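Below are the chains, spelled out letter by letter.
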Amino acid sequence: MLTLASKLKRDDGVRGPRASNPASDSTRRVSVRDKLLVKGTCKVNFPDPNKLHYFQLTVTPDEGYYQGGKFQFETEVPDAYNMVPPKVKCLTRIWHPNITETGEICLSLLREHSIDGTGWAPTRTLKDIVWGLNSLFTDLLNFDDPLNIEAAEHHLRDKEDFRNKVEDYIKRYAR
């Protein structure tokens, strides 16, 4: 069976032997983890290359309710970063329990202070934000603590109709 770890090991063999040291092994493990987390479903775009504090992220989920959609997020990194979180807004209209139709996002790591202790901390990075936004379409999709209550209640009432509305929004707004 072909795995990412075996492919990386094979690629290292093609490049030639290298001295093993703990630092490079740990860096490699993080790299493998990061490749598995985002899976190529996220792309970053800098509309103005002179403004590195502002970028757009496109998330293209490859599974779940939102598969096939392209969702745009704008991210603005404030001057006080890394003591405060970046400001993120969804630019694509979406039917989602954790994102309002006007683009507000419910993701604990975007909160400066959070009750559950999982909010922003100076040790967080922009990569955490990308991972979190990507995960809102899969494992962080939360119907129990929604920002868009109407969408969450719709899902509880009629899952099939919820799926149809999500697909309709994708066709109309997220292609």
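Every value quoted in this text rests on a predicted model; they were computed, and no experiment measured them.

Conventions and cut-offs
- Residues numbered from 1 in each chain as written.
- Predicted model: local features only at pLDDT ≥ 70, side-chain atom pairs only at ≥ 80, totals over all residues.
- Heavy atoms only, no water.
- Buried < 20%, exposed > 50% of the residue type's maximum accessible area, 1.4 Å probe, protein only.
- Helix = DSSP H or I, 4+ residues; strand = E, 2+ residues; numbered from the N terminus.
- Pairing = 2+ DSSP bridges.
- Core = buried A, V, L, I, M, F, W, Y, C linked by side-chain atoms within 4.5 Å.
- Contact = heavy atoms within 4.5 Å.
- UniProt positions renumbered as here; feature names shortened; annotations may be inferred.
- Patch = residues over 30% accessible without salt bridge, like charges linked within 9 Å, V, L, I, M, F, W, Y side chains within 5 Å.
- Areas by Shrake-Rupley, 256 points an atom, 1.4 Å probe, with all protein chains shown as cover.
- Salt bridge = Lys/Arg side-chain N within 4 Å of Asp/Glu carboxyl O.
- Lys, Arg positive; Asp, Glu negative; His and termini not counted.
- Charge placed at Lys NZ, Arg CZ, Asp CG, Glu CD.
- Phe/Tyr/Trp six-rings, centres within 6.5 Å; stacked < 30°, edge-to-face > 60°.
- Lys NZ or Arg CZ within 6 Å of the ring centre and 35° of its normal.
- Polar contact = N/O pair within 3.5 Å; in protein donor to acceptor, adjacent residues only side chain to side chain.
- Axes fitted to C-alpha atoms, helices over the stretch in contact; angles between N-to-C directions.
- Parallel < 35°, antiparallel > 145°, perpendicular 65-115°, else oblique.
- Nonpolar A, V, L, I, M, F, W, Y, C, P; charged D, E, K, R; others polar.

Observations concerning the pairing of strand β4 (residues 87-90)
Going residue by residue along β4, you find Val88 and Cys90 tucked away on one face and Lys87 and Lys89 left uncovered on the opposite face. Of the pairings in the sheet, the one linking strand β3 (residues 71-76) to β4 comprises four bridges and is antiparallel in character. Across the sheet, the residue bridging to threonine 75 is valine 88, located in β4.

Considering the nonpolar core
Within the largest apolar cluster, 31 residues are counted, with the highest numbers of intra-cluster contacts made by Tyr66, Phe73, Ile105 and Leu133. Mapped onto this core, the elements with two or more residues apiece are β2 (54-59), β3, β4, α3 (126-135), α4 (149-157) and α5 (159-173). Counting residues per element, this core draws most heavily on α5, which supplies four residues. Those residues in contact with leucine 133 that lie beyond four places of it in its chain are Leu57, Phe73, Val88, Ile105 and Leu107.

Focus: the pairing of β3
The side-chain alternation of β3 yields one buried face, formed by Phe71, Phe73 and Thr75, and one unburied face, formed by Gln72, Glu74 and Glu76. Where β2 and β3 come together, six bridges link them in antiparallel fashion. Each bridged residue has a counterpart across the sheet, and for glutamine 56 the counterpart in β3 is glutamate 74.

Let's talk about the UniProt feature "active site" (unreviewed entry) in the chain
Per the UniProt entry, the sites bearing "active site" (unreviewed entry) are Cys106 in this numbering. Take cysteine 106: it is sitting in the loop between β4 and α3. The exposure class assigned to cysteine 106 is buried, which follows from its relative accessible area of 17%. Contact partners of cysteine 106, with chain neighbours within four places excluded, come to Asn98, Arg111, Leu136, Asp145 and Leu147.

Regarding a negative patch on the surface
Taken together, Asp158, Glu160, Asp161 and Glu167 make up a surface patch of like negative charges. Residue aspartate 158 is classed as partly exposed on the basis of its relative accessible area of 36%.

Details of the packing of aromatic side chains
Under the defined criterion, the tally for this structure stands at twelve aromatic pairs. Measuring from centroid to centroid gives 5.7 Å for phenylalanine 46 and phenylalanine 55, while their planes differ by 50°, and the two rings are tilted. Judged by its relative accessible area of 6%, phenylalanine 55 is buried. Taken together, Tyr65, Tyr66, Phe71, Phe73, Phe137, Phe143 and Phe162 form an aromatic cluster joined through their ring pairs. Against the face of tryptophan 95 rests lysine 165, its NZ or CZ located 3.7 Å from the ring centre.

Let's talk about the side chain of asparagine 148
When you line up the elements, asparagine 148 lands in the loop between α3 and α4. There is a polar contact of 3.1 Å between the side chain of asparagine 148 and the backbone nitrogen of alanine 151. Residue contacts for asparagine 148: discarding those within four places in its chain leaves Trp95, His96, Pro97, Ile99 and Thr100.

Considering the sheet that holds strand β1 (residues 42-45)
Across the sheet, four strands lie side by side as β1-β2-β3-β4; this open sheet has antiparallel pairing. Looking along the sheet, the strands with just one partner apiece sit at the ends: β1 and β4. When strand polarity is set aside, the average angle formed by the axes of neighbouring strands in this sheet is 25°. In the packing of α3 onto the sheet, the strands contacted are β1, β2, β3 and β4, and the crossing angle to β2 comes to about 35°.

Let's talk about the packing of α4 against α5
Packing of α4 against α5 brings their axes to within 5 Å, and their N-to-C directions diverge by 135°. When the interaxial angle is binned, α4 and α5 end up oblique. Facing α4, whose interface residues are Ala151, His154, His155 and Arg157, α5 presents Lys159, Asp161, Phe162 and Lys165. A breakdown of the residues in the contact of α4 with α5 according to their chemical character gives two nonpolar, two polar and four charged.

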